[in-house]
Amino acid sequence: METRPYNVLFVCTGNSARSLMAEAVLNQLGGRRFRAFSAGSQPAGQPHPMALELLQRHRYDTSTLRSKSWDEFALPGAPVMDFVLTVCDSAAGETCPVWPGQPMSAHWGVEDPAAVTGSEERRRQAFLDAFLVLSRRITILMSLPLGKLDTLSLQKELRHIGVADKSAPATEGAA
């Protein structure tokens, strides 16, 4: 029996780094089981260059990534989402649009690498840390037996993914 992929929307305020990295990772690793999208409440207008560089260095496709408003996904004809995951703290507190299809939502807050100041090395490390945290969480999402979990259990698991590794150090070998 052929089923459609699970649609996942990653949301962040600027849609320039974390949500775009999550979109690229899930689209590449999720195969035919997942289809990822990203959006922001106040899109920056373009992807952050360090996010694109990191993704390209790790061989992720960046050709379709763009910073866009979450309004696109609340319009008639937009893909119906199964999951909406906020990946930054400010978007978690914002009033989100009403998503068609009533998707499950969870907050997977990740520190904003674009807000890190200092040396280029420090800024690049912040992007790598965010990328590794998101990659770990996406790997956990992909391992869930989605078709076998009831709604309440699935919602609990989604929320747990966002807090499970808060204290875990992000290291290159962790992804």
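These numbers were taken from a predicted model, which means no experiment stands behind them.

## Points about the side chain of Gln155
If you trace the backbone, Gln155 turns up in helix H5 (residues 151–164). When neighbours within four sequence positions are excluded, Gln155 is seen to be in contact with Met104, Ser105 and Ala106.

## With respect to the state of the cysteines
All chains considered together, the criterion is met by one disulfide. Cys12 shares a disulfide with Cys88; S-S distance 2.4 Å. Every disulfide takes its handedness from the sign of the S-S torsion; for Cys12 and Cys88 that torsion is 135 degrees, giving right-handed. Taken together, the positions of Cys12 in strand S1 (residues 6–12) and Cys88 in the loop between strand S3 (83–86) and helix H3 (89–93) put the pair 76 residues apart, joining distant regions of the chain.

## Considering helix H1 (residues 18–29)
Structural remark: α-helix, 3.6 residues per turn; residues separated by three or four positions point the same way. An ideal rise of 1.5 Å per residue puts 16 Å on 12 residues; H1 measures up with 16 Å between its terminal C-alpha atoms. Most of H1 sits out of view: nine of its 12 residues are buried. Among the residues of H1, those classed as buried are Arg18, Ser19, Leu20, Met21, Ala22, Glu23, Ala24, Val25 and Leu26. The elements touched by buried residues of H1 are S1, strand S2 (34–40), helix H2 (49–57) and helix H4 (120–143). Taken from the residues just after H1, Gly31 is the one with a positive phi, measuring 55 degrees.

## A short note on the sheet that holds S2
Read across the sheet, four strands follow the order S2-S1-S3-S4 without closing on themselves; strand pairing throughout is parallel. Two strands bound the open sheet, and with one partner strand each, they are S2 and strand S4 (104–107). Here the average twist between neighbouring strands, direction ignored, is 20 degrees. Sheet topology note: the S1/S2 ladder contains seven bridges and is parallel. Bridge assignment links Val8 to a residue of S2, and that residue is Ala36. Docked against the sheet, H5 engages S3 and S4, running at close to 25 degrees with respect to S4.

## Things to note about the pairing of S1
The buried fraction of S1 amounts to six of the seven residues, a majority that puts the element mostly inside the structure. Of the pairings in the sheet, the one linking S1 to S3 comprises four bridges and is parallel in character. Within the sheet, the bridge partner assigned to Phe10 lies in S3 and is Leu85.

## Some points on the packing of H2 against H4
Where H2 contacts H4, the two axes come as close as 10 Å, and the packing angle between them is 60 degrees. Remark: the crossing between H2 and H4 carries right-handed chirality. In this structure, H2 contributes Met50, Ala51, Glu53, Leu54 and Leu55 to the contact, and H4 contributes Glu120, Arg123, Arg124, Phe127, Leu128 and Phe131. Within the contact of H2 with H4, the residues separate by chemical class into seven nonpolar, no polar and four charged.

Conventions adopted
- Residues numbered from 1 in each chain as written.
- Predicted model: local features only at pLDDT ≥ 70, side-chain atom pairs only at ≥ 80, totals over all residues.
- Heavy atoms only, no water.
- Helix = DSSP H or I, 4+ residues; strand = E, 2+ residues; numbered from the N terminus.
- Contact = heavy atoms within 4.5 Å.
- Disulfide = S-S within 2.5 Å.
- Expected span 1.5 Å × (residues − 1).
- Buried < 20%, exposed > 50% of the residue type's maximum accessible area, 1.4 Å probe, protein only.
- Pairing = 2+ DSSP bridges.
- Axes fitted to C-alpha atoms, helices over the stretch in contact; angles between N-to-C directions.
- Left-handed = near helix turned anticlockwise from the far one by under 90°.
- Nonpolar A, V, L, I, M, F, W, Y, C, P; charged D, E, K, R; others polar.

By themselves, these observations are geometric and do not establish any function.
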